[in-house]
Amino acid sequence: MIYTSYTFLVILFGSIVIGATSGFLSFFVNTKKESMLIDAVAHCSFAGIALTFLYVNNVTTLHLYIGALIAAILSIFLIYVVKNTSIITMNSAIGIILSMMFGLGISSLSIIQRSNPMNSYSLKHYIFGNILYLRREDLVLLLIISAITFIFVTIFWKQMKTILFDFDYAKSIGLPIRSIELIFFFLLATITIVSVEMIGVIMYAGLLIGPGIAARQITSSYNRVIILSSMIGALSGIIGSTLSASPLSPPAGPSIIVILGIIVIISIVLSRNGEIISFIKSYLIARNHNIQNTLSHLTTHMIMNPRDCDIREFSIKENQNAPNCCNHLLDNLHLLTKLNYVKPLEQNNWVLTYKGMLMVDELKTSSQLEVSQ
């Protein structure tokens, strides 16, 4: 069976690692508003891959990664030079350098196609991604870089959070801002370059942006956003790689991005005021308020029947002026029974559970406060 084959398990594990690591970094990319810069790194790295393939006779995966990293660093340097020496904005500078470097990569690929068609085919998967090219050594390298990234962010989490949200304070207390940002960006660029072979230079930016957006719709806690981002990225990798092994056999990289896009859209649609958890809490509070009203209405019609066995036992007194009142109270009792506030006894009697007693005591206390005020 294909889902238990070694090749699929390697692809599945690689998809999980890529998705979880990209999701983990998504929080920082979105918060720093550097998604376009990461997109530039992915696109510009292709120029380094193609040029390395064109000019190095003995090409290995390590050669391609080094070439991609050099191209990425050079492109970032050019972006900041253009931005700082002209009136051009950051986004415009990114657009210019990204287009130039990606065009250089496509031109190099055309030259390779004419001179060596077989080799050009193995380069095309860097554009749209092909996770079937994931080898065991690639997976080991991916695991090492991911582990270093997780360890670095865990160690410097407080410092990075301070830099993100209060740059002036971080500067005033003497944090090594430049060093932390350079190391983080180097790790980010490295994980991007290693991942583009599987996801593709065109679509990888989506994997670095989407998980953070979806997680932010669910919660506003920064710690929970990071955890949820990793989980969403890993889930997208699992579903996308599983779909790629189905009879339809869609490419794994695009499938992962499509699944991630669906998750992002669903999270945005379901969110209220940008946070699903807040909406759920509001719903639970409203539901709890209805339960309080139900119990409050019930207590006005309760006749306590104290016994030696249980002083919480009660029955319902009939209201001659409102014949439908008893039926309404019975409906309330069925609701409270389902929610474990009361338990039915024989002969039309009920008993309050411990949970129900706490709620009744709370209602009595609140009503006494209202009377005293």
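A few words on the overall build of the protein chain. Scanning the protein chain from terminus to terminus reveals 15 helices and four strands. Counting the 373 residues in the protein chain, one finds 43% classified as buried. Pairs at least 24 apart in sequence give 68% of the contacts found in the protein chain among residues at least 6 apart. A total accessible area of about 20000 Å² is found for the protein chain, and carbon and sulfur atoms account for 65% of it.

Before going further, it helps to examine helix 9 (residues 177-199). With 23 residues, helix 9 extends 31 Å between its outermost C-alpha atoms, agreeing within 8% with the 33 Å of an ideal straight helix rising 1.5 Å per residue. A maximum bend of about 25° is found in helix 9 at Ile193. Directly after helix 9, the chain includes Gly200, whose backbone phi takes a positive value near 105°.

Turning next to the side chain of Thr192. Structurally, Thr192 is set in helix 9. In this structure Thr192 touches Ile38, Val41, Ala42, Tyr204 and Leu208, once residues within four positions along its chain are discounted.

Here we come to helix 1 (residues 6-31). Side chains of residues three or four places apart in an α-helix project in the same direction, reflecting 3.6 residues per turn. With 26 residues, helix 1 extends 38 Å from end C-alpha to end C-alpha; this agrees with the ideal 38 Å at 1.5 Å per step. Residue Leu25 marks the point of greatest curvature in helix 1, where the axis turns by about 35°. Most of helix 1 is tucked away: 19 of the 26 residues are buried.

Right, let's get into the packing of aromatic side chains. With the rule as written, the count across this model stands at eight aromatic pairs. Measuring from ring centre to ring centre gives 6.0 Å for Phe28 and Trp157, while their planes differ by 80°; the resulting arrangement is edge-to-face. One end of the pair, Phe28, is in helix 1; the other, Trp157, is in helix 7 (residues 157-165), and 129 residues separate them in sequence. A residue is classified by how much of its surface remains accessible, and Trp157, at 16% relative accessible area, is buried. Taken together, Phe24, Phe27, Phe28, Phe150, Trp157 and Phe184 form an aromatic cluster joined through their ring pairs.

Counting residues in hydrophobic clusters, the biggest one holds 78 residues, and the most contacted among them are Phe28, Ile79, Phe184, Leu188, Ile199, Tyr204 and Leu207. No other element matches the twelve residues that helix 9 contributes to this core. Residues within four places of Phe28 in sequence aside, it is in contact with Val153, Trp157, Met160, Leu164, Phe184 and Ile226. Grouped together as the second largest cluster of nonpolar side chains are 14 residues, Ile291, Leu298, Leu333 and Leu363 included.

Attention now goes to the side chain of Ser15. Mapped onto the fold, Ser15 is located in helix 1. Accessibility expressed as a relative area gives 1% for Ser15, which makes it buried.

Where helix 1 meets helix 10 (residues 204-218), the closest approach of the two axes is 7 Å, and the angle between their N-to-C directions is 70°. Relative to helix 10, the element helix 1 lies roughly perpendicular. The interaxial crossing formed by helix 1 with helix 10 has right-handed handedness. Together, Ile18, Gly19, Ser22, Gly23, Leu25, Ser26, Val29 and Asn30 of helix 1 and Tyr204, Leu207, Leu208, Ile209, Gly210, Pro211, Gly212 and Ile213 of helix 10 make up the contact between the two elements. For the contact of helix 1 with helix 10, the class distribution of residues is nine nonpolar, seven polar and no charged.

Reading the values: rules and limits
Residues numbered from 1 in each chain as written. Predicted model: local features only at pLDDT ≥ 70, side-chain atom pairs only at ≥ 80, totals over all residues. Heavy atoms only, no water. Helix = DSSP H or I, 4+ residues; strand = E, 2+ residues; numbered from the N terminus. Buried < 20%, exposed > 50% of the residue type's maximum accessible area, 1.4 Å probe, protein only. Contact = heavy atoms within 4.5 Å. Areas by Shrake-Rupley, 256 points an atom, 1.4 Å probe, with all protein chains shown as cover. Expected span 1.5 Å × (residues − 1). Bend = angle between axes of the 7 residues up to and from the residue. Phe/Tyr/Trp six-rings, centres within 6.5 Å; stacked < 30°, edge-to-face > 60°. Core = buried A, V, L, I, M, F, W, Y, C linked by side-chain atoms within 4.5 Å. Axes fitted to C-alpha atoms, helices over the stretch in contact; angles between N-to-C directions. Parallel < 35°, antiparallel > 145°, perpendicular 65-115°, else oblique. Left-handed = near helix turned anticlockwise from the far one by under 90°. Nonpolar A, V, L, I, M, F, W, Y, C, P; charged D, E, K, R; others polar.

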